[in-house]
Amino acid sequence: MWTVHEMGKLTGVSARTLHHYDAIGLLKPSAMTRVGYRLYDETALKRLQNILMFRELEFPLKEIKSILDSPVFDPQEALAQQIKLLELRRMHIDKLISFAREFQKEGVDKMDFHVFDKTEIEQYSKEVKERWGSTEAYQEYEEKTNGKTEKEQKIAADKLLSLFADIGLLRKNLPEEQKVQDKIASLQSFITENYYHCTDEILYGLSQMYVCDERMKCNIDQAGGEGTAEFVRQAISIYCKDKGIEVMD
């Protein structure tokens, strides 16, 4: 765990900025000390890295929050998108440098405004935002959670963990067994009822996050026992494959 001061030394982000990110829900501390000091774990550090990367790409904080909180957010896909945007920006800057040198050499009579065109960058940025922040699932999630009190949200979260605990009790069974698959169907229904319409595609995406996101993996394994997150992933893959969804083995 890192304190705000340690996070500042490690990342270059000021304490004031970290406090602001906490206030707007963009980066919540992983824990609090008894005297109220914020503490951040490795998962929070990874989220901050994503925040800083999107900030470098000039995404507004509100849009970054929508992207990172999207129910189907995939860190690997997002990284590929960030790299693409950085490459587009580098190409744009290279053209500007070449133009400036040519302008310096030939004088002020040279006229060319095409070099300032950022349409390709803006279009790709728009696609990234639409991919994550404007999904129907996220909008539905916002509507459902905003309409609940903190107590109601905690009750829903506890029930979700109870579902994972129930699945954890079946870890000695094969993931394709009917009793396990029935629990996966219940999980999908619960997410739809309490958060957003959980399609088979979204459920499969979530299953990958359950093992790739360290915080999620830890919470699920704590609820159902060591290995529950991976067992859930396997069971969901079978469930979705039977529904005709293309899955990775």
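In this text the structure is predicted, and so the values were computed from the model without any measurement.

Quick notes on the overall build of the chain
Thinking step 1. Looking only at helices and strands, one finds twelve helices and three strands in the chain.
Thinking step 2. Split into buried and exposed, the 249 residues of the chain put 37% on the buried side.
Thinking step 3. By sequence separation, contacts in the chain at least 24 residues apart represent 65% of the contacts at least 6 residues apart.
Thinking step 4. A total of about 15400 Å² of accessible surface is found on the chain, and carbon and sulfur atoms cover 52% of it.

Structural notes on the sheet that holds strand β2 (residues 31-32)
Strand pairing in a sheet takes place through backbone hydrogen bonds and is either antiparallel or parallel in direction.
Thinking step 1. Spatial strand order, β1-β3-β2: three strands in an open sheet with antiparallel pairing. The sheet terminates laterally at β1 (2-3) and β2, the two strands that pair on one side only.

Focus: helix α8 (residues 150-168)
Thinking step 1. Between its first and last C-alpha, α8 extends 27 Å over 19 residues, near the 27 Å set by a 1.5 Å rise per residue.
Thinking step 2. Turning to α8, its buried residues number three or more, namely Ala156, Leu160, Leu163, Phe164, Ile167 and Gly168. Projected down its long axis, α8 shows its buried positions confined to an angular sector of 150°, all on one face. Set apart from the buried face of α8 by more than 90 degrees, the exposed residues are Lys151 and Lys154.
Thinking step 3. On its buried face, α8 is in contact with α9 (178-194), α10 (200-212), α11 (214-224) and α12 (228-242).

Quick look at the nonpolar core
Thinking step 1. Leu187, Ile191, Leu206, Tyr210, Ile236 and Cys240 are the most contacted members of the largest nonpolar core, which totals 31 residues.
Thinking step 2. Counting only elements with at least two residues in this core, the list comes to α8, α9, α10 and α12.
Thinking step 3. For cysteine 240, the contacting residues outside a window of four places in its chain are Asp200, Leu203, Tyr204, Ile245 and Val247.
Thinking step 4. Counting residues in each nonpolar core, the second largest holds 25 residues, with Leu18, Tyr21, Phe54 and Val128 among its members.

Criteria and thresholds
- Residues numbered from 1 in each chain as written.
- Predicted model: local features only at pLDDT ≥ 70, side-chain atom pairs only at ≥ 80, totals over all residues.
- Heavy atoms only, no water.
- Helix = DSSP H or I, 4+ residues; strand = E, 2+ residues; numbered from the N terminus.
- Buried < 20%, exposed > 50% of the residue type's maximum accessible area, 1.4 Å probe, protein only.
- Contact = heavy atoms within 4.5 Å.
- Areas by Shrake-Rupley, 256 points an atom, 1.4 Å probe, with all protein chains shown as cover.
- Pairing = 2+ DSSP bridges.
- Expected span 1.5 Å × (residues − 1).
- Arc of directions from axis to C-beta.
- Core = buried A, V, L, I, M, F, W, Y, C linked by side-chain atoms within 4.5 Å.

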